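Each chain, letter by letter, is given below.
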Amino acid sequence: MSTFAAPSGVTGTASALRRLYFVRCAFALTWALVMFATASGISPATAVLLVLYPLFDVGAAVVDARASRAAGSPTLLRLNMAISSVAAVGVAVACASGIPAVLRVWGAWAVVSGLVQLIVAVPRRSLGGQWPMILSGGISVLAGASFVASAGADDPALTGAVGYAVPGGVFFLLSALRLGRAAKGN
């Protein structure tokens, strides 16, 4: 029988977040690559990808909340789980209405989850590796507003979602690399 012990202290939290951020980077970049190939319209595959991204965010927030118990209250992470769950359902429904509806829901989710990411990252600065998360949260807010605005364009496109995921993946990679020192206890 094996057991999983939650990480303790700053070193354990930083180590767990580092692993999570590497996984989030790989997911975001892989998702962007696959989404790029299908983003010309809303096909069943595209709809699945669009719903999968916020669902993955829910799972990542669950892992983050468990890893971060020692570092503070996971209330905002639980809020992010709820926001991303609602976004996944909203995107699924919006896929039946077309690209503008998807962009509006995706954009609203990006704004709200970006704010939560920003607010979660600021107090975590002492862990290290949080400046990329702070920047990512701020950029997510701006990108989300851009998605909502682009929904009213003459020819709205889903390719912006790819452009949203790639920098997010890069920011997760940068944070994971920066957390290396804290994870080693230095």
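Just above, that's the structure.
Each chain has its residues counted from 1, running along the sequence as written. Only residues with pLDDT of 70 or above have their local features reported here, since the model is predicted, and side-chain atom pairs are shown and tallied only from 80 upward, although totals for entire chains, interfaces and linings are computed over all residues. To obtain the side-chain values, all non-hydrogen atoms of the structure were used and water was disregarded.

Here we come to the environment of Leu142. Position of Leu142 among the secondary structure elements: in helix H5 (residues 131–150). Separated by 35 residues in sequence, Leu142 and Gly107 have C-alpha atoms that sit 9.1 Å apart. Only DSSP runs of H or I with at least four residues qualify as helices, and only runs of E with at least two residues qualify as strands; both kinds are numbered from the N terminus onward.

A few words now on the environment of Val91. Structurally, Val91 is set in helix H3 (residues 75–95). By the convention used here, residues are in contact when the closest approach between their heavy atoms is within 4.5 Å. Setting aside its immediate chain neighbours within four residues, Val91 contacts Leu50, Val51, Val102, Val105 and Trp106.

So, about the packing of helix H2 (residues 44–67) against helix H4 (residues 99–121). Each axis is a line fitted through C-alpha atoms, taken for helices only over the stretch in contact, and angles between the N-to-C directions span 0 to 180 degrees. The interhelical angle for the contact between H2 and H4, taken along N-to-C directions, is 15°, at an axis separation of 12 Å. Classified by the angle between their axes, H2 and H4 sit roughly parallel to one another. Relative to H4, the crossing made by H2 is left-handed. In contact with Leu50, Tyr53, Pro54 and Asp57 of H2, H4 contributes Val102, Trp106 and Trp109. In this classification, Asp, Glu, Lys and Arg are treated as charged, Ala, Val, Leu, Ile, Met, Phe, Trp, Tyr, Cys and Pro as nonpolar, and every other residue, Gly included, as polar. The residue inventory of the contact of H2 with H4, partitioned by class, reads six nonpolar, no polar and one charged. Oblique is the label for any angle not under 35 degrees, not over 145, and not in the 65 to 115 range, which are roughly parallel, roughly antiparallel and roughly perpendicular in turn. Crossing handedness is defined as follows: a turn of the near helix away from the far one that is anticlockwise and smaller than a right angle gives a left-handed crossing, while the clockwise case is right-handed.

Right, let's get into a nonpolar patch on the surface. Exposure above 30% relative accessible area and the absence of a salt bridge qualify a residue for a patch, where like charges join within 9 Å and nonpolar side chains (Val, Leu, Ile, Met, Phe, Trp, Tyr) within 5 Å. Each accessible area is a Shrake-Rupley result for a 1.4 Å probe, and residues are judged covered by the shown protein chains and nothing else. Should a side-chain nitrogen of Lys or Arg be within 4 Å of a carboxyl oxygen of Asp or Glu, the pair is scored as a salt bridge. Taken together, the side chains of Leu29, Val166, Val170 and Leu174 present a nonpolar region at the surface, about 280 Å² in accessible area. At three residues, the largest contribution of residues to the nonpolar patch is made by helix H6 (residues 159–183). Mapped onto the elements, Val166 comes out in helix H6. Between buried and exposed lies partly exposed: a residue is buried under 20% and exposed over 50% of the maximum accessible area for its type, with that area taken using a 1.4 Å probe on protein chains only. On the basis of relative accessible area, Val166 is assigned to the partly exposed category, the value being 35%.

So, on to the pattern of salt bridges. Any two side chains of opposite charge can pair, on the condition that their charged atoms come close. Taken as a whole and assessed by the stated rule, the structure comprises one salt bridge. The closest approach of N and O atoms between Asp57 and Arg24, which form a salt bridge, is 2.4 Å. Residue Asp57 is found in helix H2, and its partner Arg24 is found in helix H1 (residues 9–38); the two are separated by 33 residues along the sequence. Given a relative accessible area of 15%, Arg24 falls into the buried group.

Classification of ring pairs rests on two measures: the distance between centres of Phe, Tyr or Trp rings, Trp counted by its six-membered ring, which must be within 6.5 Å, and the angle between planes, read as stacked under 30 degrees, edge-to-face over 60 and tilted in between. Taken as a whole and assessed by the stated rule, the structure comprises twelve aromatic pairs. Arranged with centres 5.7 Å apart and planes meeting at 10°, the rings of Trp31 and Trp106 form a pair that is stacked. Of this pair, Trp31 sits in helix H1 while Trp106 sits in helix H4, placing them 75 residues apart in sequence. With respect to class, Trp31 is no different from Trp106; both count as buried. Between the aromatic rings of Tyr53 and Tyr164, the centroid separation amounts to 6.4 Å while the plane-to-plane angle is 55°, which identifies the pairing as tilted.

Right, let's get into the packing of H3 against H4. At a closest axis distance of 9 Å, the pairing of H3 and H4 adopts a crossing angle of 170°. Relative to H4, the element H3 lies roughly antiparallel. Here Leu76, Leu77, Leu79, Asn80, Ile83, Ser84, Ala87, Gly90, Val91, Ala94 and Cys95 of H3 come into contact with H4, specifically with Ala101, Val102, Val105, Trp106, Trp109, Val112, Ser113, Val116, Ile119 and Val120. When grouped by side-chain class, the residues that make up the contact of H3 with H4 number 17 nonpolar, four polar and no charged.

So, about the nonpolar core. In this description, a nonpolar core means a group of buried Ala, Val, Leu, Ile, Met, Phe, Trp, Tyr and Cys residues linked to one another through side-chain atoms lying within 4.5 Å. Ranked by internal contacts, the top residues of the largest apolar core, which has 39 residues, are Trp31, Met35, Leu50, Tyr53, Trp106, Leu158 and Tyr164. Breaking this core down by element, the ones donating at least two residues are H1, H2, H3, H4, H5 and H6. Of all the elements, H4 adds the most residues to this core, at nine residues. Look past the residues within four positions of Leu50 in its chain and what remains in contact with it is Trp31, Met35, Val91, Cys95, Val102, Trp106 and Leu158. Counting 14 residues, the second-largest nonpolar core is a separate cluster that includes Leu17, Leu127, Met133 and Ala176.

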